[in-house]
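Read off the chains here:
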There are 2 protein chains.
Amino acid sequence: MNNIASLVDRQDVCFLSFIDENGFPSTRTMLNPRKRNGLKEFYLTTNTKSKKVQALLTNPKAGLYFYDRALYRGIAFAGTAEVLRDQSIKDEVWRDMDIIFYENNYDPDYCVLKFTAVSARFYQNYTSTDIVL
Amino acid sequence: MNNIASLVDRQDVCFLSFIDENGFPSTRTMLNPRKRNGLKEFYLTTNTKSKKVQALLTNPKAGLYFYDRALYRGIAFAGTAEVLRDQSIKDEVWRDMDIIFYENNYDPDYCVLKFTAVSARFYQNYTSTDIVL
């Protein structure tokens, strides 16, 4: 588990997949999670107005994928993504750099997604294994 | 269009998303397409036995995502993925390096997927635009 947590934490970005309004799976690059609880809960920031947030409000099933380019390793989590409305978590995960994207941590377009994993599969050396979360 | 084709061709890997047997979108790293026709058709190699191939045989809706790490640009295609049975296309896209994964180009686990795009969205400078294919 530690090597997977390390793989997650070493990345600068991750890949969120969701199902769009026409039923197609789609992937977006996200900044790496600002906070996580083990390998079960991941907190991500994004734009409230984005298509993926609108799609996830309709169908919360999501995938979260971390890819280690140097080692050709990947970890794919399946789970659900929830749009958080609570200001305290928005304050907690806010970083100074976010002013590139938002006016401040009260900006209505500043959105925190909580991804909760239900299963995970780890890829390395051309094989894959299920991970117990 | 040329800069998007160039973004695609410069990558060593791409990210294929599909919908798994429980309805969750999931993402896998793939070797970059061996062949493409414009930005409409992409030919990818993978393992016949893999979960993603089995999932795509059930639901062919798929996403194909290319991410330029250096420039923070991405292109997300929505479309369908088809498992090709024709030996001539398998021969055409076979590369010597594939013996890492398969016995030869007749190996039943050597699989060619054809992804056909129906729409695309391009991400750069924190904005996104639809691309006419």
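Note that the structure is a prediction, hence the values are computed from the model and not measured.

(A) Summary view of the relation of the copies chain B and chain A. Taken as rigid bodies, chain B and chain A are interconverted by a rotation of 180° and an axial shift of 0.0 Å, the fit giving an RMSD of 0.0 Å. Such a turn and shift between the copies fits a two-fold axis. Among all residues of chain B, the one whose C-alpha sits closest to the rotation axis is B:Pro25, at a distance of 2.8 Å.

(B) Representation of the interface of chain B and chain A. With 33 residues of chain B at the contact, the number on the chain A side is 33 residues. Buried area between chain B and chain A, summed over both chains or domains, comes out near 2,800 Å², and the portion from carbon and sulfur atoms is 61%. Considering only the side of chain B, the residues that lose the most area to chain A are B:Phe24, B:Pro25 and B:Arg69, jointly responsible for 21% of the buried surface there. With a shortest N-O distance of 3.7 Å, A:Arg69 and B:Asp12 are connected by a salt bridge. Summed over the shared surface of chain B and chain A, the result is 10 residue pairs in polar contact (both at pLDDT 80 or more). Looking at the side of chain B that touches chain A, the elements that each hand over two or more residues are strand 1 (13–19), strand 2 (25–31), strand 5 (61–68), strand 6 (73–84) and strand 7 (110–124) of chain B. The residue makeup of the side of chain B that touches chain A, split by class, is 17 nonpolar, 9 polar and 7 charged.

(C) The arrangement of the packing of aromatic side chains in detail. Following the criterion strictly, the structure yields 21 aromatic pairs over all chains and no others. Between A:Tyr65 and B:Phe15, the ring centres sit 6.2 Å apart and the planes meet at 70°, which makes this aromatic pair edge-to-face. Here B:Phe15 lies in strand 1 and A:Tyr65 lies in strand 5 (residues 61–68), a pairing that spans two chains. With respect to class, A:Tyr65 is no different from B:Phe15; both count as buried. Their ring planes at 85° and their centres at 5.0 Å tell us that B:Trp94 and B:Tyr110 sit as a pair that is edge-to-face. Taken as a pair, B:Trp94 in the loop between helix 3 (87–93) and strand 7 and B:Tyr110 in strand 7 lie far apart in primary sequence, 16 residues in all. As far as the burial class goes, B:Trp94 and B:Tyr110 line up, both buried. Linked through ring pairs, A:Phe15, A:Tyr65, A:Tyr67, B:Phe15, B:Tyr65 and B:Tyr67 together constitute an aromatic cluster.

(D) Spotlight on helix 1 (residues 2–10) of chain A. Residues A:Ile4, A:Ala5, A:Leu7 and A:Val8 constitute the buried set of helix 1 of chain A. The arc enclosing the buried residues of helix 1 of chain A, seen along the axis, measures out at 155°, which places them on a common side.

(E) Quick peek at the environment of A:Tyr43. All names here are of chain A. Its location among the elements puts tyrosine 43 in strand 4 (residues 41–47). Accessibility expressed as a relative area gives 8% for tyrosine 43, which makes it buried. When the C-alpha positions of tyrosine 43 and glutamine 11 are compared, they lie 15 Å apart, and in sequence the two are 32 residues distant. In this structure, tyrosine 43 is in contact with Pro33, Arg34, Lys35, Asn37, Leu84, Ile89, Val93, Val112, Leu113 and Lys114, ignoring residues within four places of it in sequence.

(F) Broad picture of the pairing of strand 6 (residues 73–84) of chain A. Residues and elements named next belong to chain A. Burial analysis of strand 6 places 9 of its 12 residues in the buried class, which makes it a mostly covered element. As defined by bridge partners, strand 5 adjoins strand 6 across 8 bridges and the pair is classed as antiparallel. Residue pairing for strand 6: leucine 64 is matched across the bridge by phenylalanine 77. Between strand 5 and strand 6, which pair antiparallel one after the other, the connecting turn spans 4 residues, and tyrosine 72 there sits at a positive phi close to 55°. Note that strand 6 and strand 7 (residues 110–124) share 11 bridges and pair antiparallel. Residue pairing across strands places alanine 81 opposite phenylalanine 115, the latter belonging to strand 7.

(G) Representation of the pairing of strand 7 of chain B in the model. All names here are of chain B. Burial runs high along strand 7: 11 of the 15 residues are buried. Both strand 4 (residues 41–47) and strand 7 contribute to a ladder of 7 bridges, which runs antiparallel. Bridge assignment links asparagine 47 to a residue of strand 7, and that residue is tyrosine 110. Both strand 7 and strand 8 (residues 127–131) contribute to a ladder of 5 bridges, which runs antiparallel. By the bridge assignment, tyrosine 123 is partnered in strand 8 with serine 128.

Procedures and definitions
- Residues numbered from 1 in each chain as written.
- Chains lettered and ligands numbered in written order.
- Predicted model: local features only at pLDDT ≥ 70, side-chain atom pairs only at ≥ 80, totals over all residues.
- Heavy atoms only, no water.
- Least-squares fit on C-alpha atoms with pLDDT ≥ 70 in both.
- Contact = heavy atoms within 4.5 Å.
- Buried area = accessible area lost by both parts, 1.4 Å probe.
- Salt bridge = Lys/Arg side-chain N within 4 Å of Asp/Glu carboxyl O.
- Polar contact = N/O pair within 3.5 Å; in protein donor to acceptor, adjacent residues only side chain to side chain.
- Helix = DSSP H or I, 4+ residues; strand = E, 2+ residues; numbered from the N terminus.
- Nonpolar A, V, L, I, M, F, W, Y, C, P; charged D, E, K, R; others polar.
- Phe/Tyr/Trp six-rings, centres within 6.5 Å; stacked < 30°, edge-to-face > 60°.
- Buried < 20%, exposed > 50% of the residue type's maximum accessible area, 1.4 Å probe, protein only.
- Arc of directions from axis to C-beta.
- Pairing = 2+ DSSP bridges.

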